[in-house]
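If you want the building blocks of each chain, they are given just below.
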Amino acid sequence: MLDKIEKIKKNFEYDLQSDINATELKRKYLSKNSELYAILSNIKNLPPEERKHVGLQVNELKDYITSVIEQRSGHNITKTSYSHIDVTLPGKRHKLGTYHPNTLIAREMNNIFKSLGFSVYAGPEIETDEYVFEKLNLPKHHPARSLQDTLIIEDPEIILRSHTSSVEIRAMENEKLPLRIVVPGRAFRYEDLNQTNHFAFYQYEGLAVGKNITMADLKGTFEIFAKMFWGPETQIRIRAKYYPQVEPGCGLDVLCGFCHGKGCPVCKRRGWIEIAGGGMVHPNALRSVGIDPNIYSGFAFGIGFDRTVMQKYKIDDIRKLYDGTLY
Amino acid sequence: MRIPISWLKEYVDLPQDLKTFTDKMSMIGHMLDKIEVTDTDTVIDLELRGNRADCYAILGLAREWYACNGGRFDVPNITADTQAALKSKQYSSIKVEIHSSDVYRFYSTVIRGVKVRPSPAWLQSRLKDYGINPINNIVDITNYVMVETGMPMHAFDLVKIDGNRLIIRNSQKGERFFTFEGTEKELTGTETVFASENSVLGLVGIIGSKDSGISNNTQDILLECAAYDRVAIRKTKIRLNLHTEAALRHSHDLSASLCDYALARATDMIIQLACDGDYSCIEGYHDYYPNPEKPKQILYNPSEVKRLGGIDVDVDIQADILKRLEFKVEKKENSNNLLITVPLFRTDIFESADIVEEILRIYGYENIPSRILEDTIPEPIILKDLEIEDKVRDLLVSMGLNEVITVPMVTLDELEKTFDPLASRAIPLINPPTSYHTHMRTNMYTTLLQVAKRVIDRGDKNVSIFEVGKIYFKQDQNNPIPNFPHKLEFPYVEKRKISLLFASKKNEWDFYRVKGIIEETLDQLGISNVEYNRYENPQYALAAEITQNGLKIGCVGIINNAINRNFDIIPTVYVSILDVEALVKAEKTMKSYLPYSQYPSIELDMSVLVPFEVEAASLKKEIIKSGNNLIRSVEIVDYIEKSGKKSILFRIHYQSKERTLSLDEVNELHILIENILKSRFGVIIQGRDDIQDKIIPITNKKELINRSSKTLSNVHHELIESTNRFIVIGRILEVTKHPNADKLVICKVDVGKAKPENTLYPDYLQIITGAENIRPIESHGKIVPVALPGAIVKSHHTSEKIKIKISKIRGEVSEGMLCSADELELDYPGYDGILILDDALRDRVGEVFERKSI
C-alpha cells in the first residue's frame, strides 16, 4: 500500500514537469476515479494497526497534491463562498476611549524632552509663599506679584501655586545636580473666567542646571523642541524679556504660520507668536537653594500649555478643556 | 507704552521702515503690542517692561533705541536760568511739611504769574496721540513731561493751599475727598495724602483733588515732582481703584534722581508757554530728599557673557554697549574685571547677571548660537506615581473610557451633597475666583457627577469617564499623614487619585462590568492577590473596598441614589476610586511567560446554587484549597440570581505539572470538591442535586423518568453535566448528500445563539453525520442534540471520551456532531441513531441541552 502511495507521488511530480494544466492534474489525482481516491476509500478495510499509518501517509500526499494544484491554478479550488459578505458595510469596531488633549500634548512634549535627557517631575499645588515667590527672586511687594494675583488659602503664607516654577525650587532642593526636568502641571491665579483666561490653568515648565549651561543651550533646546513639536520647518527666535525668576530673561517665539513673519492679525502684526518665556535661572533663586551661581548655571522656561493645546486641537475656549464638554 | 512717532523723532533718528524699529525694540525687551495710525501721527504701542520704570517714558525708549542704533540722541537742554533758580534759592511763601516715611523725595518749585490758557496745537496733538486729553497749558505741561521723562508731577494752585502749609501726612479714617475727575473717595487711614490745614488736596503719587487743581484764574502755582514707596502707592491704587498714569509709574521702581531733570524741564516749558519766557517768575525751590540715592557699583568679569550667554563678545564692544546705556565703565588694574557704575535711573540692575543681559540684548539675542546641552546627561528621575497614572490612562482608554479633566474647586454645599466624610475637612479659599469655586475638592465625584449630568442632559445615552487628579483636605492634626515635600506639620494634604464614573440610560453598566474594568486594570499593573470586601460608606448604595494584604487600594461601588437626586441624575451611577500612592506601593508580580504544562488539562464546570450571604471568593478559595494542587485555575464564567439564591458557574481547569490526569481521577476529585462545598457552605450542586424532579422525557414519559434517573448513578455521567454548555439543542435545516461519500450526509443545523464565531456560514453550522436516521427531506426541521466544538462525548465506536473539533470529513468541513443517546450516555436501550427530540423544543434552539430538555 505504501509503495502505491510513493508511486502516485512520483507520477504526480513527473507530470508537474510537463505543461499539463491544473484541471487535468485535478482530474487525474484528486477525482473519484483517481488512484489516490481508491486508496482512501479502501482504508476502512485495512487492519486497524495498518489503517492509521496508511491513513496518515495518504492524507499527507493528498494535502501536498491539493496545495500544489491550488498554487498552479492560481486560486483556491476548495474556496468557500463568502458572497453574502458585503465588504462595503462597516466593520464591528472595538471602540477605544479618548485621552484628554492635555494628556496627549503633555506626553508629546515629555517624549521630546526625555529624548534630550530631561525627566518628568511634579510638585505640590498647595504651596507656601516662600516657594512660589521668595525663593524665586520675587520678594514681598515685588511689582511682578501683582501680575500673578494668587489664590490664598491662609493669608499670607499658604497659597495655591501661581506658576509651576515653585517645582523648580523643590527639584533643586531635593535632587542632585546636574538636573534636567520638565513639569507639566496646574497653576492657579485670581483671574476672570472667560474664553482665554482660566483661574486653574496648565503650564509646562522646564529646568536644566549644571556647570556649563548657557542661553545658547536654551535656544538650541527650544529649537529642537519646536521642530519636533511643530515640524522641521519651524523657525524660532529668542528676544529679551523680563521675568523676575530669570536673568538674563527671554521670550521664545515661533514664526507665525499664517503670515511667515510678515505680520498679520493672528500674530498681532508681530510676525512671531510667543510660545514660552525663559532665561537663565536668577542667581538669587540658585542662592535660595544653596547652589553657588558662580559655579553653576541653569536655564528655565515655561510654555503656555493650555494655549498650545488649544492651538493644536483648534479649541476656541479654554473653559471647554475643563468642563467635560470635550471627548 | 504708546509712542507717537513724531515725538520720538525729536530725540533720535528712526529708520524709514518702522518695522525695523519695532522688530529691534521687540528683540531688546520692548515687545510691540500694536500700531495705530491717528489723524496726525503713527502711534506705536510697546509692552511695558515690569522692571523698567525708566522706560515708561519716551526719552527712556529713545535711549534704548540709541543704544542699539547709535546716531543722534538729543535730550532737551535745560536753560541755565532754570537750573540756577532750582538750585540756588528756596521759596518761602509755602511751607512744606512731610510726615510720612513713604516719601523718598519731594522736589518742588513755586512759579508766580502764570497765564493759564490752552496749550499750543503741537503739544495738544502729541498728548492726544499719547492718549491724554489736553486741559490747559499748566496741566498739559505736567502730563507732557511725565510722558517724556517718566516722572509724574503735579501743579497746585497756590491759593487753594490754605494756611500756606502743604502737608504730606497719613489720611484719617473716614476722611473724604473728590478726585480731580469728580468721584468721591473715602479714605481708610492708610493712604498718604497732600493736605492743607483744612482739606485733602490729593493722594500722593496718584491723583489731585478736584479743588486744588489749576483753573483759568490760577496765577501762582506749586509744581512738584516726587518719589514714593512703590508698595504704598500700589496698595492705595488697587484699594481705591485709581489706575492713573501717575500711579502706574509710581507703583514701579522709579528713581528719585529723575526728579531733577523732570522738574527743570517742566519749569522751562512753563516759563516758555505760560510766563512769556520770564524766568524771574520762579520764586525758588524746595527739595526734601533725606537719603539721596547713591550709584551702585558692580565688579564685572567680561567672561560672564560667555558663561551665561554662550557667546563671545569682545570686551571693548561690551564696554561700548554699556556706555551707550549710560553706565560708567572702568578697567580694573591687574585684572580682566571691569568696574561698572550703574546710572541711578536703572533701578533694575543689581549684579553681574543683569549686566550680562544688558550686553546680550543690545548685542542681539539673535546672535546667540543654538547649542544643545553639552553638559553630562543627568541620571533620570522616575516619579512612580506619574508613571503608574500614565499606565492607568492607557488601560482605561483601551477599555473605552474617556478621560476628562475638571476644575478642582467646588462649593462646600456640593461636597456635602456627595455625603463625603472628608467634606468637613475641605480647604476654603480666602479669595475664591467665583462663587462656584469656593473650596478645594475633597473628592472627584462632585465634578465627575456634574460632567455626567451635562453629558446625559445633552442626550448621550452612556457616560464612562475617568479623571486622574488630586483631592485636597486639611490634615487631621492628631493623626497627620505624610505629604512630601511638605513637612508633616504642614496643615494641608493633597493626594493623587484616579476616579471612574459610569452611567447609562440603557443599563449598559452593572456592578460586575465596572468591577471587571478595575480587575483588568489592576491585573495589567501586575497587582494580584487583591481582595474585594463589602464596605459601608454613606456615599455608596453598595461598595467593595479593594485591598492587597491590608493596603487600601481603593473602592468600587454604586453611588447612593440620594446623591443621584442631589445631582439630578436619573440612571444608576457606578464609580470607583484608585489611590495612586497605594497603586505605587502595592506588591506587583512581574508578568512572565510560562510554557504551558506539557500535560493536558481537563476543564470541568461546576454549577452551584448558594444563599446570597455566601461570597463567591470564599467558594473559589475552598475549591482551590481542596484541589490538591491539581487545579491550574478557577474562573467564574457565569452568574445569575435565581429564586432568592445565586447561581454561580465555576470553570475548573484541572492540570498536573507531572503527569497526564485520567478522567476518572478528575471526576472523583470534582465530586469530592462538590461534597466539600455542600458540607461547608450548604450549596446545591445544580444538574445533580436538583435534577430528579426536572426530567421531562420525550415519548413514553413515565418510563423515561425511571430510566433517566438510573443514569445518575453512572459516574461518567458527571462529565456530560460538567461540559454540557457545549451540548446544545439544534434544528436541522437541510440535509444533502456528501459529494465524496455515499454513506455520509451534510446537515445545515441551526443552533441559534450558541453558534460559535467564524463558522463556514454566518447563520448555521455545517455538520456531517453518517447516522442512518438522518436523511434528506425527511429529517428537515428535526430537533436534535448538537455537540459543539469543545464538547466531550463518548465515542460511538471506541467508547472512549473524545473532544469534538472542527474537522474535514472527506473534504467537507464538519463543525460539530449530532449526538445519539449513547454518545450522551443516556440510557435508551433500543434507540439507535441520532436522538430526535420533541418538536416542542424548537423554541429553545441554542439552549444548553440538559436532561430536563428531553
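Structure's up top.
A brief look at the structure comes next. Fair warning: this is a prediction, and the values are worked out from it, not measured in the lab.

Conventions we followed
- Residues numbered from 1 in each chain as written.
- Chains lettered and ligands numbered in written order.
- Predicted model: local features only at pLDDT ≥ 70, side-chain atom pairs only at ≥ 80, totals over all residues.
- Heavy atoms only, no water.
- Phe/Tyr/Trp six-rings, centres within 6.5 Å; stacked < 30°, edge-to-face > 60°.
- Helix = DSSP H or I, 4+ residues; strand = E, 2+ residues; numbered from the N terminus.
- Buried < 20%, exposed > 50% of the residue type's maximum accessible area, 1.4 Å probe, protein only.
- Lys NZ or Arg CZ within 6 Å of the ring centre and 35° of its normal.
- Pairing = 2+ DSSP bridges.
- Axes fitted to C-alpha atoms, helices over the stretch in contact; angles between N-to-C directions.
- Expected span 1.5 Å × (residues − 1).

All right, on to the packing of aromatic side chains then. Applying the stated criterion across every chain yields a total of 28 aromatic pairs over all chains. With a centroid separation of 6.1 Å and an interplanar angle of 40 degrees, the aromatic rings of A:F222 and A:F225 are classed as tilted. Separated by 3 residues within a single helix, A:F222 and A:F225 lie in helix 8 (residues 215-230), roughly one turn from each other. Look at A:F222 and you get buried, because its relative accessible area is 4%. Directly above the ring of B:F345 sits B:R63, whose terminal nitrogen or CZ lies 4.0 Å from the centroid.

This part is about the pairing of strand 2 (residues 32-37) of chain B. For a regular strand, side chains alternate in direction, first toward one face of the sheet and then toward the other. Residues and elements named next belong to chain B. Across 5 bridges, the pairing between strand 2 and strand 3 (residues 42-46) is antiparallel. Residue pairing for strand 3: V37 is matched across the bridge by T42. The hairpin formed by strand 2 and strand 3 contains 4 residues between the paired strands.

Let's shift gears to the sheet that holds strand 3 (residues 152-154) of chain A. All names here are of chain A. Ordered by their spatial adjacency, 3 strands build an open sheet running 2-4-3, and the pairing between neighbours is antiparallel. Because the sheet does not close on itself, it has two edges, and the strands there are strand 2 (126-128) and strand 3. Strand-to-strand, the axes of this sheet are offset by a mean angle of 35 degrees, without reference to chain direction. As paired strands, strand 3 and strand 4 (residues 158-160) are joined by 2 bridges and run antiparallel to one another. Looking at strand 4, one finds that E154 is bridged to I158.

With that settled, consider helix 12 (residues 352-363) of chain B. All names here are of chain B. With 12 residues, helix 12 extends 16 Å from end C-alpha to end C-alpha; this agrees with the ideal 16 Å at 1.5 Å per step. Burial within helix 12 is extensive, with 11 of its 12 residues counted as buried. Along helix 12, the positions that sit buried rather than exposed are S352, A353, D354, I355, V356, E357, E358, I359, L360, R361 and I362.

Residues and elements named next belong to chain B. In spatial order, the strands read 4-7-10-11-12; together these 5 strands make up an open sheet with mixed pairing. In this open sheet, the two strands that pair with only one neighbour each are strand 4 (95-98) and strand 12 (207-208). Sheet topology note: the strand 7 (residues 165-170)/strand 10 (residues 192-195) ladder contains 4 bridges and is antiparallel. Bridge assignment links N170 to a residue of strand 10, and that residue is T192.

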